[in-house]
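Chain by chain, the residues:
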Amino acid sequence: MTVRPQNFGRVAVLMGGWSAEREVSLVSGAAVLAGLQERGVDAHGIDVGRDICKVLKSGNFDRAFIVLHGRGGEDGVIQGVLETLELPYTGTGVLGSALAMDKARSKRLWSGMGLPTPEYILIRGEEDLDTAGALGFPLMVKPVHEGSSIGISKVGDATALQRGWVMARQFDQEVLAERWIDGKEYTVTVLDGEALPVIRLETPHDIYDYAAKYEVDTTGYFIPSGLSEAAEAGMQELALRAFRAVGASGWGRVDIMVDDQGQPWLVEVNTVPGMTGHSLVPMAAAAAGMDFPALVWRILSATLEKKQ
Ligand SMILES: Nc1ncnc2c1ncn2[C@@H]1O[C@H](COP(=O)(O)OP(=O)(O)O)[C@@H](O)[C@H]1O
Ligand SMILES: [Mg+2]
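Within an unreviewed UniProt entry, the label attached to the protein chain reads D-alanine--D-alanine ligase, and the organism entered is Thiolapillus brandeum. Quoted verbatim from the Catalytic activity (unreviewed entry) heading of the UniProt record, the comment on the protein chain is "2 D-alanine + ATP = D-alanyl-D-alanine + ADP + phosphate + H(+)". Word for word, the UniProt comment on the protein chain under Pathway (unreviewed entry) is "Cell wall biogenesis; peptidoglycan biosynthesis."

What follows is the structure, encoded as C-alpha cells:
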C-alpha cells in the first residue's frame, strides 16, 4: 500500500514537557514538525503540559509522534496516557520506555542475559559510597533516570564521589556509580528492527557532556565509524540485542563504549533520542540515504501498522 499524507490523519507532535530535557525536546520537536509538514502531513506541535489528556481529546488527533525526552515523556508515562486514549504513537511502549529510562534496571537485565555493561553500584545513601569506591576509581556517577548528561560526573577519588553523588541526587532519588571505561564512544541508531551505520563520537571534553552534545562545535562525529566491517556488524548486533532486551521498539539509539582492549560495553538505550538538526539519529539516517523528512515519515509510518 502506498502511504499518503492523509493516511496519518491529524498528527500531534508531542514536545517540551516538564523534564530537565525540556529545552532540547522543543528543538527536536520543531524539527520533527517541520519534517512532517514538508511531507504534507497534517501535523500539529503540542507543548505538553499536565492538561495533555484534555488537549489530545479536544484536538481530535488520530495519532501522536512523541518527541519528549526524559521523564514524563520517554519513560512510559505519556505512552500510558496514549494507550488509555487509544491513540497510536511512535516508538516504544509503556514497559520498554520505563525500563530503558532506568539505567540501573537496564544494566541489571543486560548482565542477567550475559550482555556486557560496566559494573556498577546503586547508591541509595551515604553508606553505599564505600562499596561504590571499591569498584575502583575513576567512576561515572549518574542519576538513574536522567538524559542529556544531566547530573553526570566523572569522579577520581572518594571525596569527588561524595560530591558527585550529592550533585546527581539533586536530579534523582536513585544514583548509580559505574566503572569508567577508557576508550572510544559509539552510538547505534535502531530503526524498524534494523541497525543503521554506527557513529563514533570524539570530544575534547572528558565525557560527551551537555555542552559537547548541544553547545560547542568541537565534537567530532565519524561515520563511517572507522570500525572494521566485522566489528561494525558485531556492534550493530549487540545494539539490537540490548534494544530488544529492554522491550524497546520502533526507533531509538544505543550508546556503547569500547575499551582499549576492543571490548564493547553497553551504556544505555534511548527510546526518544534527540532529533535536532545536529542530532545523531538524523546523522545515521543520512548515512543510510534517508533525509530528515524521510526519517520522520518512516518513524510515523510504524503507527499505521501497530496495534496499540
Ligand atoms: N562507564 C563510562 N565510562 C566512560 N564514559 C562514560 C561512561 N558512562 C557514560 N560515559 C560518558 O558520559 C556520557 C553520558 O552518559 P550516558 O549514560 O549515555 O547518559 P545520558 O543519558 O545523559 O546520555 C556518555 O555519552 C559518555 O561520554
Ligand atoms: Mg547517552
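Once you've had a look at it, read on.
*Asks:* An account of the coordination of the magnesium ion (ligand 2) is needed here, citing residue identities and associated values.
*Replies:* Binding of the magnesium ion (ligand 2) to the protein goes through Asp255 (OD) and Glu268 (OE), at separations of 1.9 to 2.2 Å. Here the residue Asp255 occupies a position in strand β12 (residues 251-259), and Glu268 occupies one in strand β13 (residues 264-270), the gap between them amounting to 13 residues.

*Asks:* Summarise the sheet that holds strand β7 (residues 175-179); cite the residues concerned and give the values.
*Replies:* Taken in spatial order, the four strands of this open sheet run β4-β7-β5-β6, and their pairing is antiparallel. Edge strands, defined here as strands with exactly one partner in the open sheet, are β4 (120-123) and β6 (153-155). Across this sheet, the average inter-strand angle for adjacent strands is 25°, counted without regard to direction. Here β4 pairs with β7 via four bridges, running antiparallel. Looking at the pairing, Leu122 lines up with Leu176 of β7. Packed onto the sheet, helix α5 (residues 103-113) meets β4, β5 (139-143) and β7 and runs at close to 145° relative to β4. The sheet contacts of helix α7 (residues 158-169) involve β4, β5, β6 and β7, and relative to β5 the element is tilted by about 20°.

*Asks:* I'd like a rundown of the packing of aromatic side chains, residues and numbers included.
*Replies:* What describes a pair of aromatic rings is the distance from one ring centre to the other and the angle between the planes of the rings. Per the counting criterion, the structure on display carries one aromatic pair. Aromatic side chains Phe8 and Trp297 sit 5.0 Å apart centroid to centroid with 90° between the ring planes, which places their arrangement in the edge-to-face category. Pair noted here: Phe8 is in the segment before β1 (10-15) and Trp297 is in helix α11 (residues 292-305), with a separation of 289 residues, a long-range link. Residue classification places Phe8 among the buried residues on the basis of a relative accessible area of 0%. Here Trp297 falls in the buried class, since its relative accessible area comes to 14%. Of note, Arg169 hangs over the ring of Trp165, and the distance from its end group to the ring centre comes to 4.1 Å.

Cut-offs applied
Residues numbered from 1 in each chain as written. Chains lettered and ligands numbered in written order. Predicted model: local features only at pLDDT ≥ 70, side-chain atom pairs only at ≥ 80, totals over all residues. Heavy atoms only, no water. UniProt positions renumbered as here; feature names shortened; annotations may be inferred. Donors = N, O, S within 2.8 Å, 3.2 Å for Na, K, Ca; no water. Helix = DSSP H or I, 4+ residues; strand = E, 2+ residues; numbered from the N terminus. Pairing = 2+ DSSP bridges. Axes fitted to C-alpha atoms, helices over the stretch in contact; angles between N-to-C directions. Contact = heavy atoms within 4.5 Å. Phe/Tyr/Trp six-rings, centres within 6.5 Å; stacked < 30°, edge-to-face > 60°. Buried < 20%, exposed > 50% of the residue type's maximum accessible area, 1.4 Å probe, protein only. Lys NZ or Arg CZ within 6 Å of the ring centre and 35° of its normal.

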